[in-house]
Amino acid sequence: MSIEYLHTMVRVKDLDASVAFYKLLGLTERRRIDNEKGRFTLVFLCPPGQDDGHNDVELTYNWDGDDGLPSDSRHFGHLAYRVDDIYALCQTLMDNGVTINRPPRDGHMAFVRSPDNVSVELLQKGDAKPPQEPWASMENTGHW
């Protein structure tokens, strides 16, 4: 018997804000399904060039609202992405109003949260970058 990873699904409260956040991370929208009968929208996003459906994040938006969101979402764990330049991406995220919960002080790992409180781990591709400011002395904000 074989098993194949397909995607990770997270519920979102504000579809536009969530899509914008994941696009800031560098993901692209691969497909979208609007289901009139079920009154929901599914948006599948993936890293560029990885659109075979095996690296998707599925955002599920319920048209009639979702009173359970945003919750702490710690039970979910986190999404993890390897990035080419952790400092540049964290700067882009900060410039767009995203809080860096765990800054990349070590040049290797950072954590941020989506608009729906989903924890996202960012890992530097290859070796860690040399520590540099403002990241090296930046304190944690909140939790991840």
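Sequence positions are assigned chain by chain, starting from 1 and proceeding in written order. Side-chain atom pairs in this predicted model are given and counted only at pLDDT of 80 or more, local residue features only at pLDDT of at least 70, and totals for whole chains, interfaces and linings cover all residues. Here the side-chain values reflect all heavy atoms present in the structure, with hydrogen atoms and water set aside.

Within an unreviewed UniProt entry, the label attached to the chain reads Glyoxalase, and the organism entered is Roseivivax isoporae LMG 25204.

Where do I start with the environment of lysine 37 in this structure?
The helix and strand labels rest on DSSP assignments: H or I over at least four residues marks a helix, E over at least two residues marks a strand, and numbering proceeds from the N terminus. Looking at where lysine 37 falls in the secondary structure, it is placed in the loop between strand E2 (28–35) and strand E3 (40–46). In this structure, the C-alpha to C-alpha distance between lysine 37 and tyrosine 5, residues 32 residues apart in sequence, is 28 Å.

Please clarify how the pattern of salt bridges should be interpreted in this entry.
The term salt bridge refers to a side-chain nitrogen of Lys or Arg lying within 4 Å of a carboxyl oxygen of Asp or Glu. Using the criterion set out here, one finds six salt bridges in the structure. A salt bridge links arginine 39 to aspartate 64, with the nearest nitrogen and oxygen atoms 2.8 Å apart. One end of the pair, arginine 39, is in the loop between E2 and E3; the other, aspartate 64, is in the loop between strand E4 (56–62) and strand E5 (78–83), and 25 residues separate them in sequence. On the basis of relative accessible area, aspartate 64 is assigned to the exposed category, the value being 59%. Close ionic contact of lysine 125 with aspartate 84 constitutes a salt bridge, the shortest N to O distance being 3.8 Å. Pair noted here: lysine 125 is in the segment after strand E8 (119–124) and aspartate 84 is in the loop between E5 and helix H2 (86–95), with a separation of 41 residues, a long-range link. Here the term buried applies to any residue with accessible area under 20% of the maximum for its type, exposed to any over 50%, and partly exposed to those in between, with areas from a 1.4 Å probe on protein chains only.

Quick question: what am I supposed to make of H2 here?
Those residues of H2 that sit buried are Ile86, Tyr87, Leu89, Cys90 and Leu93. Viewed along the axis of H2, the buried residues span an arc of 165 degrees, placing them on a single side of the element. Contacts between residues were defined by any pair of non-hydrogen atoms, one from each residue, lying within 4.5 Å. Its buried side turned inward, H2 meets helix H1 (15–24), E5, strand E6 (100–102), strand E7 (109–113) and E8. Residues adjacent in sequence count toward polar contacts only when both atoms are side-chain atoms; beyond that, a polar contact is any pair of N or O atoms within 3.5 Å, and within protein one must be able to donate a hydrogen and the other to accept it. By the N-cap criterion, in which a side-chain oxygen at the helix start approaches the backbone nitrogen of a residue two or three places on, H2 is capped by aspartate 85, the distance to tyrosine 87 being 3.1 Å. Working definition: the arc comes from the directions between the helix axis and the C-beta atoms, pointing outward to the latter.

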